[in-house]
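# Remarks on the overall topology
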Amino acid sequence: MAELTEKKLSTMSLRRRPRWGETIIQGLLFFSGFFSIFITFGIVYELGKEALLFFQMPGVDLLSTITTTEWKPHVNKFGIWPLLTSTLLTSTIAMTIAIPLGMSVAIYLSEYASPRVRSTLKPILEVLAGIPTIVYGYFALTFMTPLLRQIFGSDVVQIYNTASAGLVMGILILPLITSMTEDSLSAVPRSLREAAYGMGATKLEVAVQIVVPAALSGIAAAIIVGISRAIGETMIVAVAAGAGPNFTLNPFIGAETITGHIVRISGGDLSYDSIDYNSIFALGLFLFLTTLVLNIISQAIVRRFREVYE
Amino acid sequence: MMTNNNSEPKYVIETQDLEIYYGDFKAVTNVNMKIEHNKITAIIGPSGCGKSTLLRAFNRMNELYAGTSIKGNVIFNGQDIYAKEVDPVEVRYRIGMVFQKPNPFPKSIYENIAWTARIHGYKGNMDELVESSLQQAALWDEVKDKLHQSGLSLSGGQQQRLCIARAISIKPEVILMDEPASALDPIATLKIEELMQELKKNYTITIVTHNMQQAARASDYTAMMMLSGEGERSGTVIEFDETKKIFTRPSDKRTEDYVTGRFG
């Protein structure tokens, strides 16, 4: 009798038992999360530290960096505008190609294409995304540039130019925007589409006026990732856009972007602590801040215009 | 649009030997039914017997999904809606739909109706249309002060009435309702049923329901569907008659078993 009571009590016990497996997994997951954040902070710290060194060097100050238009390290002129304008130029050209085309392809794939067409087209786009960017760079130099020169004349279009680099960069970014946009369009519930079709809406009305607004946050994310990619893209511009800062908005002449400049400078013999060496960290920090600001702006826009469907 | 001579036909929708397929699978077979003007026709039957599939064949909603096809005819006001030259968009404009789960657009209450009217080229006074649609759907008093809030901020029953308001804003002839109250509580259900009685003055309503009391309370005609046939079974209408008769003196034994709750 006493034994029975004891057994009953022990099976009824609600005391927490240790689950070591759970604890270990939880610890590992926490560590992974922590580690990636730690690395990010490490990068920011390193960028900031070296950039600070740059701004402490004689003859360098933040004000003239952001107000003057000449970047000539050998004569201590560090105006960021020539690098910035060409970065903006290539990115703008790239996004002008990638956003409308990427959105159209995504809408087609998600709303119009038959399952068979979709299952053929998507892998092809993914192959496009897998091509190394150096290949794109030479594609710009040996295909796009001659093409542009044929169209606009070789006296107008230089061998190295931002138009060619920007156009090819657009092709590079296209699959990224397409696949992210398509994902967010497909995530819009079927019931919403049915609601619109049930009211006698056409396919185009459903796609553009119902599905796209509902998927806006995903689409905005796709565009922002695309822009960040364009601003940070290096190989194509290093190969095809030109080697030498040039303060111009003419897309047909050579001009070096921020990333292109970093590649060229760091490719040479650079001694640690030289002004050139430090300047590229300042440029890196600037790129980082640019994409950060873009992210913040886009999140604000999305919060304002998104049509929340759940 | 073709109509039968000059007189308004008594039947709005008429099916002739209708069969509905998902790929090779025949989901619904041999349906011949006539849906009368300004009446509520209920389709009842156990789960999976093809009620919704049949309903969706009435405004070509089925074909939004690849692989569906039909044989036979669905005649709407004397015209076969599956004829080659018929645009399914036009069909759905005249035969609207309300779904099982309330699905307002993620737009404002006002826009839910205004958008629907706008895509069909409505040029009149939008404020008036929104108000009258919401009034017909017995929702106006509850939402008149918050027309610019999201339609999704409403309760489930209100959302469903918004969907009905949206459907009637473009003045269809027929409203198809696919278990419109199954996701709602009893009070909201009652409101929808009362609303249906109001709406049938101006519209023809066909409703799928698995709630037999609802069919008995709210409908004029009832179609009883059931799986039948040997081997691969497909759904068919085994009895179609006045609701009163279906629930009191059904002629088919299976209908009697079902409506008296012996199975299903």
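Here's what I pulled together on the structure shown here. (Residues numbered from 1 in each chain as written. Chains lettered and ligands numbered in written order. Predicted model: local features only at pLDDT ≥ 70, side-chain atom pairs only at ≥ 80, totals over all residues. Heavy atoms only, no water.)

This part takes up the environment of Arg60 of chain B. Residues and elements named next belong to chain B. In this structure, Arg60 sits in the loop between helix H1 (51-57) and strand E5 (68-76). When the C-alpha positions of Arg60 and Pro88 are compared, they lie 6.3 Å apart, and in sequence the two are 28 residues distant. In terms of polar contacts, Arg60 uses its side chain to reach the side chain of Glu63, at 2.7 Å. From its side chain, Arg60 meets the backbone oxygen of Ile81 in a polar contact 2.7 Å long. (Helix = DSSP H or I, 4+ residues; strand = E, 2+ residues; numbered from the N terminus. Polar contact = N/O pair within 3.5 Å; in protein donor to acceptor, adjacent residues only side chain to side chain.)

We now examine the packing of helix H7 (residues 162-186) of chain A against helix H10 (residues 216-232) of chain A. Two numbers describe a pair of packed helices, the interaxial angle and the distance between the axes. Residue and element names in this part refer to chain A. With their axes 8 Å apart at the nearest point, H7 and H10 run at an angle of 160° to one another. Classed by the angle they form, the pair H7 and H10 counts as roughly antiparallel. Helix-helix and strand crossings are classified by hand; for H7 and H10 the assignment is right-handed. For the pair formed by H7 and H10, the contact residues are Met169, Leu172, Ile173, Leu176, Ile177, Met180, Thr181, Ser184 and Leu185 on the first element and Gly218, Ile219, Ala221, Ala222, Ile223, Val225, Gly226, Arg229 and Ala230 on the second. A per-class count over the contact of H7 with H10 returns 13 nonpolar, 4 polar and 1 charged. (Axes fitted to C-alpha atoms, helices over the stretch in contact; angles between N-to-C directions. Parallel < 35°, antiparallel > 145°, perpendicular 65-115°, else oblique. Left-handed = near helix turned anticlockwise from the far one by under 90°. Contact = heavy atoms within 4.5 Å. Nonpolar A, V, L, I, M, F, W, Y, C, P; charged D, E, K, R; others polar.)

Look at Asn38 of chain B: it is not a glycine, yet its phi comes out positive at around 50°. Structurally, Asn38 of chain B is set in the loop between strand E3 (34-36) and strand E4 (40-44).

The partner chain B presents 25 residues to the 20 residues of chain A that form the contact. Of all residues in chain A, Glu194, Tyr197 and Met199 of chain A bury the most surface against chain B, accounting for 33% of the area lost on that side. Between the two partners, chain A and chain B, sit 1 salt bridge. Notably, a salt bridge pairs Arg56 of chain B with Glu194 of chain A, separated by 2.9 Å at the nearest N-O pair. Remark: the boundary between chain A and chain B carries 6 residue pairs in polar contact (both at pLDDT 80 or more). Those elements that provide at least two residues to the side of chain A that touches chain B are helix H8 (190-198) and helix H9 (203-214) of chain A. Broken down by element, the residue count for the side of chain A that touches chain B peaks at 8 residues, all from H8 of chain A. In terms of residue class, the side of chain A that touches chain B is made up of 11 nonpolar, 5 polar and 4 charged. (Buried area = accessible area lost by both parts, 1.4 Å probe. Salt bridge = Lys/Arg side-chain N within 4 Å of Asp/Glu carboxyl O.)

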